[in-house]
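Notes for the structure review
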Amino acid sequence: MSTPQVSVVIPVYNEEQTLPLLFARLYPALDKLGVAYEIIFINDGSRDRSAGLLRRQYEERPDVTRVVLFNGNFGQHMAIMAGFENVRGSRIITLDADLQNPPEEIGNLLAAMDAGHDYVGSIRRQRQDSAFRRYASRAMNWMRERITKIHMTDQGCMLRAYDRAIVDAITSSREINTFIPALAYNYAANPTEIMVAHEERAAGESKYSLYSLLRLNFDLVTGFSIMPLQVFSLIGMTVAVLSVLSYIVVIIERWVHADSLSAGLLALWDRDILQFFLTGLVLFGLGLLGEYIGRIYQQVRSRPRFLIQAILEKPDTSGARLER
Ligand code: UDP
Ligand code: MG
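Presented here is an overview of the structure given in this document. (Residues numbered from 1 in each chain as written. Chains lettered and ligands numbered in written order. Predicted model: local features only at pLDDT ≥ 70, side-chain atom pairs only at ≥ 80, totals over all residues. Heavy atoms only, no water.)

Once that is clear, we can look at helix α4 (residues 106-114). The complete set of buried residues in α4 reads Ile106, Leu109, Leu110, Ala112 and Met113. Along the axis of α4, the buried positions cluster into a sector of 155°, meaning they face one direction only. Residues of α4 that are buried sit in contact with β1 (6-12), α1 (19-33), β4 (91-94), β5 (119-124), β6 (160-163) and β7 (191-196). At the C-terminal side of α4, glycine 116 shows a positive phi close to 110°. (Buried < 20%, exposed > 50% of the residue type's maximum accessible area, 1.4 Å probe, protein only. Helix = DSSP H or I, 4+ residues; strand = E, 2+ residues; numbered from the N terminus. Arc of directions from axis to C-beta. Contact = heavy atoms within 4.5 Å.)

Set out below in structure tokens:
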């Protein structure tokens with residue numbers, strides 16, 4: 001294997017239906033580019049035949065294929081992290097296995113890097129997902145844009161290109177539960193975004209339930225900003241100030257109309273509803289605090305982020321990996 005210029009990193013979890021279609025399109029698309037490349041598949045503990053299919057593909061194209069086999073399911077971003085730790089190329093592309101990101105777009109990402117960008121994000125031109133996913137994701141993009149310092153038009157699209165320096169910075173961050181495109185943004189000097197096509201999943205179904213999407217977004221926000229905590233203390237302060245003010249108003253009212261004790265300002269609001277609202281607010285604050293404490297807890301345990309069972313690859317004769 002000559003030193004690859006481009007490493008393509010693809011996380012795979014239960015994709016037996018899409019892998020043959022992916023192989024059929026990905027290899028020709030890369031061959032056409034005329035650059036030395038390698039493809040690193042990470043099997044994220046699939047319970048279907050994905051690992052076997054990857055093994056067979058490795059045997060078919062050992063010159064450009066490498067396979068990292070995980071010991072269990074550690075999630076898409078940890079799979080990409082493992083891929084990053086093993087890349088040999090100087091430019092790294094991430095791609096989903098389900099062909100939602102057309103491999104034919106890789107050339108456009110590389111062209112943007114030729115123009116001097118060290119991080120190329122992507123925006124799905126016409127997103128082919130359910131209406132609910134599209135709206136939810138628009139709302140999350142909006143919120144992330146305001147809460148964190150990360151500016152991405154379309155955080156959900158994984159078809160991205162990274163300079164090797166950024167990938168090395170990412171792998172040396174020992175963060176648990178991270179969101180790789182956002183982390184990369186923090187390290188990029190000259191990021192850009194390009195429009196890419198988007199397709200419906202070629203086969204199989206999304207690996208994300210509503211709950212795991214919610215978790216992912218919580219991790220994104222709490223992993224990159226403490227603004228939710230700060231906003232929360234502001235809310236707490238505002239509520240406290242408001243209640244003192246209302247108390248003063250009530251006392252004055254009682255003093256002026258000593259006969260109608262219950263007709264004070266507070267009686268204008270339904271006190272029970274107000275109480276429920278405030279209890280909800282306090283519980284939300286506790287939960288929010290818990291999110292951060294949970295992250296600290298996971299971090300201090302410092303367990304390995306993923307476990308690798310085996311790596312299928314030809315020995316690296318170029319020494320590219322020894323450089324780090
Ligand atoms: N994936 C993974 N581990 C997981 C979940 C997903 O490696 O725990 C991979 C999956 O095989 C695919 C990519 O991550 O290559 C994106 O997953 P999916 O297409 O299900 O997500 P969606 O497009 O619905 O956001
Ligand atoms: Mg998908």
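The rest of the description comes next.
One finds Val8, Ile10, Leu22, Leu26, Ile39, Phe41 and Ile93 to be the most contacted residues of the largest nonpolar core, which totals 35 residues. For this core, the elements supplying multiple residues, two or more each, are β1, α1, β2 (37-43), α2 (50-60), β3 (65-70), α4 and β7. The element contributing the most residues to this core is α1, with six residues. Apart from residues no more than four positions distant in its own chain, phenylalanine 41 is found in contact with Ile10, Val12, Leu22, Phe23, Leu26, Tyr27, Leu54, Thr65, Arg66, Val67 and Val68. Ile40, Val68, Ile150 and Phe224 belong to the second largest nonpolar core, which has 31 residues in total. (Core = buried A, V, L, I, M, F, W, Y, C linked by side-chain atoms within 4.5 Å.)

Turning our attention to unusual backbone geometry. Even without a glycine there, the phi angle at leucine 99 is positive, about 65°. For leucine 99, the position within the fold is in the loop between β4 and α4. Overall, leucine 99 belongs to the buried group, its relative accessible area being 3%. Although it is not a glycine, asparagine 177 sits at a positive phi angle of roughly 55°. Residue position: asparagine 177 is located in the loop between α6 (164-172) and α7 (180-187).

From the geometry alone we can't say anything about function, so treat these as descriptive.
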